[in-house]
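# Report on the structure
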Amino acid sequence: MVSSSQRITLKTLTPLWTGGVDQTSDRLHETGLIGSLRWWYEALVRGLGGYACDPTSEDRCPDKDGKHCVACELFGCTGWGRKFRLRALNEQGQPIEDALAENITFHLEFLELRPITEEEKWLLTKSVEIAARYGALGGKTTLKPQKGKIGEDYGIVQIITLPNIARPDIPRFLSQFRQVTPKDAADLRWFFFIKGSFLWRKQMNDLMGLSENGQEITGNKHYQQFLRGRRGDATHDAISKKLFSFRADGGCIWGYARDAKMRDEISHQIKQTLGTGKYTVKTGEEVLREL
Ligand SMILES: [Zn+2]
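Described in the following lines is the structure provided in the data block. (Residues numbered from 1 in each chain as written. Predicted model: local features only at pLDDT ≥ 70, side-chain atom pairs only at ≥ 80, totals over all residues. Heavy atoms only, no water.)

### Digging into the overall build of the chain
Each helix and strand in the chain was counted, giving 8 helices and 8 strands. Nonlocal contacts in the chain, meaning residues at least 24 apart in sequence, comprise 72% of its contacts between residues at least 6 apart. A total of about 14600 Å² of accessible surface is found on the chain, and carbon and sulfur atoms cover 48% of it. (Helix = DSSP H or I, 4+ residues; strand = E, 2+ residues; numbered from the N terminus. Contact = heavy atoms within 4.5 Å. Areas by Shrake-Rupley, 256 points an atom, 1.4 Å probe, with all protein chains shown as cover.)

### Notes on the sheet that holds strand β1 (residues 5-12)
Here we have 4 strands laid out as an open sheet, ordered β2-β3-β1-β4, and antiparallel in their pairing. Two strands lie at the open edges of the sheet, namely β2 (84-90) and β4 (157-161), each paired on one side alone. Sheet twist, expressed as the mean angle between neighbouring strand axes with direction ignored, is 30°. As judged from the 7 bridges shared by β1 and strand β3 (residues 105-112), these two strands associate in the antiparallel manner. Opposite leucine 10, over in β3, you have phenylalanine 106 as the bridge partner. Of the strands in this sheet, β2 and β3 are in contact with helix α1 (residues 30-47), which crosses β2 at around 120°. Where helix α3 (residues 118-134) meets the sheet, its contacts fall on β1, β3 and β4, and the angle it forms with β1 comes to roughly 5°. (Pairing = 2+ DSSP bridges. Axes fitted to C-alpha atoms, helices over the stretch in contact; angles between N-to-C directions.)

### Section: the coordination of the zinc ion
Donor atoms from the polypeptide that bind the zinc ion are Cys53 (SG), Cys61 (SG), Cys69 (SG) and Cys72 (SG), placed at 2.3 Å. In this structure, the zinc ion is surrounded by 4 donor atoms whose angles at the metal cover 101 to 114°, and the resulting shape is tetrahedral. Counting gaps between the donor residues of the zinc ion yields the pattern C-x7-C-x7-C-x2-C. Here the residue cysteine 61 occupies a position in the loop between α1 and α2 (70-75), and cysteine 72 occupies one in helix α2, the gap between them amounting to 11 residues. Classification of cysteine 61 as buried rests on a relative accessible area of 5%. Under the relative-accessibility criterion, cysteine 72 is labelled buried at 2%. (Donors = N, O, S within 2.8 Å, 3.2 Å for Na, K, Ca; no water. Tetrahedral: all angles 85-135°; square planar, octahedral: opposite > 155°, others 65-115°. Buried < 20%, exposed > 50% of the residue type's maximum accessible area, 1.4 Å probe, protein only.)

### A word on the sheet that holds strand β7 (residues 252-256)
Reading across from one edge, β6-β7-β5-β8 is the order of the 4 strands in this open sheet, with antiparallel pairing throughout. Edge positions in the sheet fall to β6 (243-246) and β8 (280-283), since each of these pairs with one other strand and no more. Strand-to-strand, the axes of this sheet are offset by a mean angle of 10°, without reference to chain direction. Against the sheet, α1 engages β5 (191-195) and β7, with an angle of about 120° to β5. Against the sheet, helix α7 (residues 260-274) makes contact with β5, β6, β7 and β8, and its axis sits at roughly 20° relative to β5, the strand it touches most.

### Topic: the nonpolar core
For soluble globular proteins, the rule of thumb is that nonpolar side chains tend to be buried together. Grouped together as the largest cluster of nonpolar side chains are 79 residues, with contacts concentrated most on Leu10, Phe110, Leu123, Phe191, Leu243, Trp254 and Ile270. Of all the elements, α1 adds the most residues to this core, at 9 residues. If you count residues domain by domain, this core takes at least three from each of domain 1 (5-174) and domain 2 (188-289). (Core = buried A, V, L, I, M, F, W, Y, C linked by side-chain atoms within 4.5 Å. Domains from an automatic or database assignment.)

### Details of the packing of aromatic side chains
Going through the model one piece at a time under the given rule, you end up with 16 aromatic pairs. One aromatic cluster in this structure is built from Trp39, Trp40, Tyr134, Phe191, Phe193, Phe226, Phe244, Trp254 and Tyr256. Here the basic side chain of arginine 82 rests over the ring of phenylalanine 84, its NZ or CZ set 5.6 Å away from the ring centre. Between the NZ or CZ atom of lysine 242 and the centre of the ring of phenylalanine 226, over which it lies, the distance is 4.7 Å. (Phe/Tyr/Trp six-rings, centres within 6.5 Å; stacked < 30°, edge-to-face > 60°. Lys NZ or Arg CZ within 6 Å of the ring centre and 35° of its normal.)

### As for the pairing of β5
Most of β5 is tucked away, with 4 of its 5 residues classed as buried. With 5 bridges connecting them, β5 and β7 associate as antiparallel partners. Directly across from lysine 195, in β7, lies its bridge partner cysteine 252. Where β5 and β8 come together, 4 bridges link them in antiparallel fashion.

### Concerning unusual backbone geometry
Here cysteine 61 and proline 62 are connected by a cis peptide whose omega angle stands at -5°. Tracing the chain through its elements places proline 62 in the loop between α1 and α2. The backbone of asparagine 103 shows a phi angle near 60°, a positive value even though the residue is not glycine. Relative to the helices and strands, asparagine 103 is located in the loop between β2 and β3. What makes asparagine 103 partly exposed here is its relative accessible area of 49%. Unusually for a residue other than glycine, aspartate 184 sits at a positive phi of about 55°. As for its position among the elements, aspartate 184 is in the loop between α4 (170-174) and β5.

Structural measurements only, silent on function.
Encoded structure:
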């Protein structure tokens, strides 16, 4: 069997923490990256009108009939293996053993274990592109990779080269898989991306309706409840927050809402907080139109 591989070349703008513990044959460091890529892939799929399960929820794939969603088709689920192996390689093509420092060029190599369709290659490449251009990559905490001190940025990268794949018939492809809509799942349409500015911790907490130290609830607007998520306790699972800010590379702020109305309300509140300045605001719908 001939297997092919595809490479994407990126450069770190902050350290990249790729740590994680894996049960499979992958090297230790790739799990965090895979988890992060899958998260962006799911958000993209939903944004394009498809469905993706939340692999951490009760309703994850496979369903009782053994069907799985389009994200599990590529990334795997119980009884269905991931279609690729991911390696992080340095410029000499050697596997990277440790966390990456900043200003390091590296390759993500996707080695096909089973045939990956053109649609999947396109979706995967676009997921990396969106994560790199607008979000962050890797880490134990998918959304705000963090390892060291609180406030240190991790996972901000710059794209060096991406494969150029003609856009296939995505809606037709997406319609073939299990349809499942997890509650409050990330959908790229409802994302907001601000470039060229960042929020201080106090400003973040204020937007999420939390006191300065983040310990007490001070606001209960719907968007604030949604953004701050919830701490876990004996009877409830934790729900991740949905607002992130990085200072690296001129700053960026991003996150997502439940729908377009909430997204626009949050963008408005962030602009109020930032005041005038040289930053740009983009919606996920705009990002999708440019793909
Ligand atoms: Zn699934």
